[in-house]
Amino acid sequence: MKSALKWSAVGLASALSVFSSPMNLRPVLAQGSSSSGFEFRWDNNSDFRKLYYYTSSGRASGRADYYLVLGPKDRKTALIKLAVSVPDYFNAEIKPENVELCVMERGGSLRKTRCLEVIPAAVEVTGNGSAIEVFPQRPVPVGSTIGLHLQIFNPDAGMYQFNALGQAPGDIPVSGYLGSWVIEISPND
């Protein structure tokens, strides 16, 4: 019994010495960017729908692939038009040739978010870059995960809210709110 106590006391002492010795500790930064643990919005009402996104780089001025995803539960009708509003202070150039409408695979812990198949579509970006309008050649049916794949250089650090509006086939050309992607870009330290 005494030897067991002696060995446990020795083990405790050696464990404590590890924690009391000086170590070279450095902060660890997360890789990739999807969303932070803390999110702040001015208008917190029930009409807001947060959508999933993934960016390959969350650093200001870094080259990044954006995947703005609409899952099967995010839309209830087929789409003949997808419009995405871009904040006016998003100071990155979005070129139509760098935007694709895709059937997406939503990532997780074992796989990355990616474009599985490009959906043929015409893409227009307004002159001042405040909106992206996507017109698929055929209506995009419900039931699959779709989204936009953008290749851009990140803007300055900050939070940016992109809003998605979808237009369903029918006689009345009205777009309805689908949700928002709130993207956070970190400064270059």
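I will try to describe carefully the structure that is included in this document.

Calculation notes
Along each chain, numbering runs from 1 in the same order as the chain's sequence is written. Only residues with pLDDT of at least 70 are given local features in this predicted model, and only at 80 or more are side-chain atom pairs given and counted; all residues enter the totals for whole chains, interfaces and linings. Working from all heavy atoms in the structure, the side-chain values ignore hydrogens and water. DSSP bridges decide pairing: two strands pair if at least two such bridges lie between them. By definition, any uninterrupted DSSP run of H or I lasting at least four residues is a helix, any uninterrupted run of E lasting at least two residues is a strand, and each is numbered from the N terminus. To get an axis, a line is fitted to the C-alpha atoms, and for a helix only the part in contact is used. The angle between two axes follows their N-to-C directions and goes from 0 to 180 degrees. Note on classification: 1.4 Å probe, protein chains only; a residue is buried when its accessible area is under 20% of the maximum for its type, exposed when over 50%, partly exposed between these limits. It only takes one pair of heavy atoms within 4.5 Å for two residues to be counted as in contact.

A look at the sheet that holds strand β9 (residues 158-167)
Strand order in this open sheet of five strands is β6-β7-β3-β9-β10, and the pairing throughout is antiparallel. Since the sheet does not close on itself, it has two edges, and those belong to β6 (121-125) and β10 (175-185), each with one partner. Neighbouring strand axes in the sheet, compared pairwise and without regard to direction, differ in orientation by 15° on average. Relative to β9, strand β3 (residues 81-85) runs antiparallel, the two being bridged by five bridges. For S85, the partnering residue across the bridge sits in β9 and is N163.

Remarks on the side chain of S180
Secondary-structure assignment places S180 in strand β10. Residue classification places S180 among the buried positions, given a relative accessible area of 0%. Once you skip the residues sitting within four places of it in the chain, S180 turns out to touch F48, R49, K50, L51, Q161, F162 and N163.

Section: the environment of D88
If you trace the backbone, D88 turns up in the loop between β3 and β4 (99-105). When the C-alpha positions of D88 and A131 are compared, they lie 9.3 Å apart, and in sequence the two are 43 residues distant.

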